[in-house]
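Here are the chains, one letter per residue:
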Amino acid sequence: MRRLFPVTDETAARASGGSAGEGGGGAAGGALAPGGFPGGDLVDREWSLAELGLAYAYPEPGPGEPQPWLRANMVSTLDGAAQHDGRSQPISTATDMRIFGTLRALADVVIVGAETVRQEGYRPARARAEFAEAREAAGQGPAPAIAVISASLDLDFGLPLFTSPSVPTLILTGAAAAPDRMAAAEKAGARVVIAGDGVGVDPVRVVQALAELGHTRLLTEGGPRLLGQLVASGVLDELCLTISPMLTAGDAQRIAGGPSVAVPKRFELVSLLEEEGFLFSRYRRT
């Protein structure tokens, strides 16, 4: 994997085979490129998990109470498909899964829609020994909690996600959700969190409710309908998007679905990595 962005005069010269500083205005030899990584990042190599952790670190909290930061992690083909045959795995790659694991290891909680739980066979997040020290230093538990967004609570509570998580699974739903389903979820060991006045949730209240539980480093892995709701509500701070060099055609969903927003949301590119044609981009709200 190699870093493509930010690109300095120095890294551009290295990529073309020239010497650092050619063309004027280049950085001094041996200087670090933006983000604290050597200009030699343009060399294809396997990044360590520690390097990935630095590259995808959450913003440092400002003074006062920590503010929640919600990032999404999604994958899309060149023609806009977020899935193939209903699942994201066929359009992914091993490096994409390493980044997937890194993003989970940095998060307090992973937010996911009920349909994605059913389709992808979600399991509890596991503790990663490689990130144990960093999570302890950040005041985090060994593994992030999984938070499932569901209006109907039509979930199989016999799945490992509910029966054997290292951290109790959260279910976010509305106050008008079926009482018997909420009771079944709690009996299975899940924690039900109300984040809406009706049957479903209000995305703004989802972020607020999780922050009140002490979860401020938020990660969502979709699916498309949930991501669309988060985008429409204006609560998404960051998008980590893997662009897969594949064409699938068909009628697969995009990474975000649902009604369009009145004014398109503008995000800025802050990092771009590449390996074997896969692009690993990171965008933040402007």
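Predicted, not measured: the structure shown is a model, and the values here were computed from it.

Trainee: Sorry, what's going on with the nonpolar core here?
Mentor: What tends to happen in soluble globular proteins is that the nonpolar side chains get buried as a cluster. Tyr 56, Val 148, Leu 155 and Ile 171 are the most contacted members of the largest nonpolar core, which has 38 residues in total. Breaking this core down by element, the ones donating at least two residues are helix H2 (49-55), helix H3 (94-106), strand S5 (109-113), helix H4 (114-120), strand S6 (145-149), helix H6 (160-163), helix H7 (179-187) and strand S12 (278-285). At 4 residues, the largest contribution of residues to this core is made by H3. In contact with Tyr 56, other than residues within four places in its own chain, are Arg 71, Ile 99, Leu 103, Leu 106, Cys 240, Leu 273, Phe 280 and Arg 282.

Trainee: Just checking my understanding: could you explain helix H9 (residues 224-233) for this structure?
Mentor: Three or four residues apart is the spacing at which side chains of an α-helix point the same way, because the helix has 3.6 residues per turn. Residues Pro 224, Leu 226, Leu 227, Gly 228 and Leu 230 constitute the buried set of H9. Buried residues along H9 sit in contact with strand S4 (69-77), S5, S6, helix H8 (203-212) and strand S9 (217-220). Two residues or fewer past H9, Gly 234 is found with a positive phi of approximately 75°.

Trainee: I tried to follow the confidence of the model for the chain on my own but got confused; where do I start?
Mentor: For residues with low pLDDT, the predicted coordinates do not support detailed interpretation. Averaged over the chain, the pLDDT score is 87; the fraction of residues at 70 or greater is 87%. This stretch, residues 18-40, has a pLDDT under 50; its non-local contacts, to residues over four places away or in other chains, come to 31 contacts.

Trainee: Before we go on, may I ask you to explain the side chain of Ser 150 in this structure?
Mentor: Along the chain, Ser 150 falls in the loop between S6 and H6. Discounting chain neighbours no more than four positions away, the residues touching Ser 150 are Ala 114, Leu 155, Leu 172 and Thr 173.

Trainee: Explain the pairing of S9 to me, please; I cannot follow it from the model alone.
Mentor: When a strand is regular, its side chains alternate between the sheet's two faces. Taken together, the 4 bridges between S4 and S9 define a ladder with parallel strand orientation. By the bridge assignment, Ala 72 is partnered in S9 with Thr 220. As paired strands, S5 and S9 are joined by 3 bridges and run parallel to one another. Each residue of the ladder has a partner; that of Val 109, found in S9, is Leu 218.

Trainee: Is there a simple way to think about the side chain of Asp 96 in this case?
Mentor: Here Asp 96 shows up in helix H3. Buried charge without a salt bridge: Asp 96, with Arg 98 as the nearest opposite-charge side chain at an N-O distance of 11 Å.

Trainee: What is the right way to read H8 from this model?
Mentor: Considered for burial, the residues of H8 that qualify are Pro 203, Val 206, Val 207, Ala 209 and Leu 210. Axial view of H8: buried residues confined to an arc of 165°, hence all on one face. Of the residues flanking the start of H8, the one acting as N-cap is Asp 202, its side-chain oxygen 3.0 Å from the backbone nitrogen of Val 204. Immediately beyond the C-terminal end of H8, within one or two residues, lies Gly 214, with a positive phi of roughly 95°.

The rules behind these values
- Residues numbered from 1 in each chain as written.
- Predicted model: local features only at pLDDT ≥ 70, side-chain atom pairs only at ≥ 80, totals over all residues.
- Heavy atoms only, no water.
- Core = buried A, V, L, I, M, F, W, Y, C linked by side-chain atoms within 4.5 Å.
- Buried < 20%, exposed > 50% of the residue type's maximum accessible area, 1.4 Å probe, protein only.
- Helix = DSSP H or I, 4+ residues; strand = E, 2+ residues; numbered from the N terminus.
- Contact = heavy atoms within 4.5 Å.
- pLDDT = per-residue confidence, 0-100.
- Pairing = 2+ DSSP bridges.
- Lys, Arg positive; Asp, Glu negative; His and termini not counted.
- Salt bridge = Lys/Arg side-chain N within 4 Å of Asp/Glu carboxyl O.
- Arc of directions from axis to C-beta.
- Polar contact = N/O pair within 3.5 Å; in protein donor to acceptor, adjacent residues only side chain to side chain.

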